[in-house]
Amino acid sequence: GMVLGEGGAVLVIERESMARRRGAPIHAVIRGVGASNSSSGIVESDSGSQCIAIRAAYASAGFPPETVDLVECHATSTMQGDIEEVKSLKAFFPQGRPTVLTSFKSQIGHTIGASGLNSLIRGVLAARNQTLPASLNYRTPDRRIALEDWGFRVLPQPEPWPEPAGHPRRFQVNAFGFGGGNACLIIRRFGD
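Reading the values: the criteria
- Residues numbered from 1 in each chain as written.
- Predicted model: local features only at pLDDT ≥ 70, side-chain atom pairs only at ≥ 80, totals over all residues.
- Heavy atoms only, no water.
- Helix = DSSP H or I, 4+ residues; strand = E, 2+ residues; numbered from the N terminus.
- Buried < 20%, exposed > 50% of the residue type's maximum accessible area, 1.4 Å probe, protein only.
- Contact = heavy atoms within 4.5 Å.
- Core = buried A, V, L, I, M, F, W, Y, C linked by side-chain atoms within 4.5 Å.
- Salt bridge = Lys/Arg side-chain N within 4 Å of Asp/Glu carboxyl O.
- Polar contact = N/O pair within 3.5 Å; in protein donor to acceptor, adjacent residues only side chain to side chain.

In this structure, what is going on with the side chain of Ser103? I would like to understand it.
Position of Ser103 among the secondary structure elements: in the loop between strand E3 (100–102) and helix H4 (105–108). Relative accessible area serves as the criterion here: at 6%, Ser103 is assigned to the buried category. Beyond its immediate stretch of four places on either side in the chain, Ser103 contacts Glu72, Cys73, His74, Ala75, Arg122 and Ser135.

Where do I start with the nonpolar core in this structure?
Within the largest apolar cluster, 23 residues are counted, with the highest numbers of intra-cluster contacts made by Leu89, Phe93, Leu101, Leu147 and Ile186. Those elements giving two or more residues to this core turn out to be helix H2 (47–61), helix H3 (79–90) and strand E7 (181–189). For Leu89, the contacting residues outside a window of four places in its chain are Val71, Cys73, Leu101, Phe152, Gln172 and Asn174. Leu155, Phe171, Val173 and Ile187 belong to the second largest nonpolar core, which has 13 residues in total.

Can you walk me through the pattern of salt bridges in this structure?
Any two side chains of opposite charge can pair, so long as their charged atoms come close to each other. Applying the stated criterion across every chain, the model contains eight salt bridges. Across the pair Glu14 and Arg22 runs a salt bridge, and its minimum N-O distance is 2.7 Å. Relative accessible area serves as the criterion here: at 30%, Glu14 is assigned to the partly exposed category. Of the residues examined, Arg22 reaches a relative accessible area of 52% and is grouped as exposed.

Can you help me understand the side chain of Ser36 in this one?
Structurally, Ser36 can be placed in strand E1 (residues 28–37). A polar contact of 2.5 Å, which involves the side chain of Ser36, links it to the backbone oxygen of Ser49. What Ser36 contacts, discounting residues up to four positions off in sequence, is Ser49, Gln50, Ile52, Ala53, Gly180, Gly181 and Asn182.

Shown next as structure tokens:
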């Protein structure tokens, strides 16, 4: 079940030209953003509305999901929420492609409003450090979700993140929050 945590996050997001002008280090580039709302309920997840956010994010990113190696999942660790999120991911990621699914919540709990930003920061650091992050306590796969049958991987330990051929490291962050608000970001590593 869901474990609550406390957390906060601060990011500096600005145009690349402004960051270069002031000599700031650039760690990643937001390539796609999508958002949607669900009327299913205050805490219930809905794959249909999540798909709207994911589709919009990839439309603005300009590249397909099969070029993304990592998804920082919303992963509430509730049966209903996880089933709906994986249903959404299966609508976009081709079966048989070994995409890594992870969630920072497995290590710090659900930090409510800070969860998406914490996952974004972890994804940026993972890409910078060339390391696919682990999810803690994932021991018994749920047959109803069938992650592994689809080709998704959940890592018990961090693994090296090999440089993809022809493009920088890319990842997706899902933030499907309370009240039916859904957000999806598509990020690429800067400088690969």
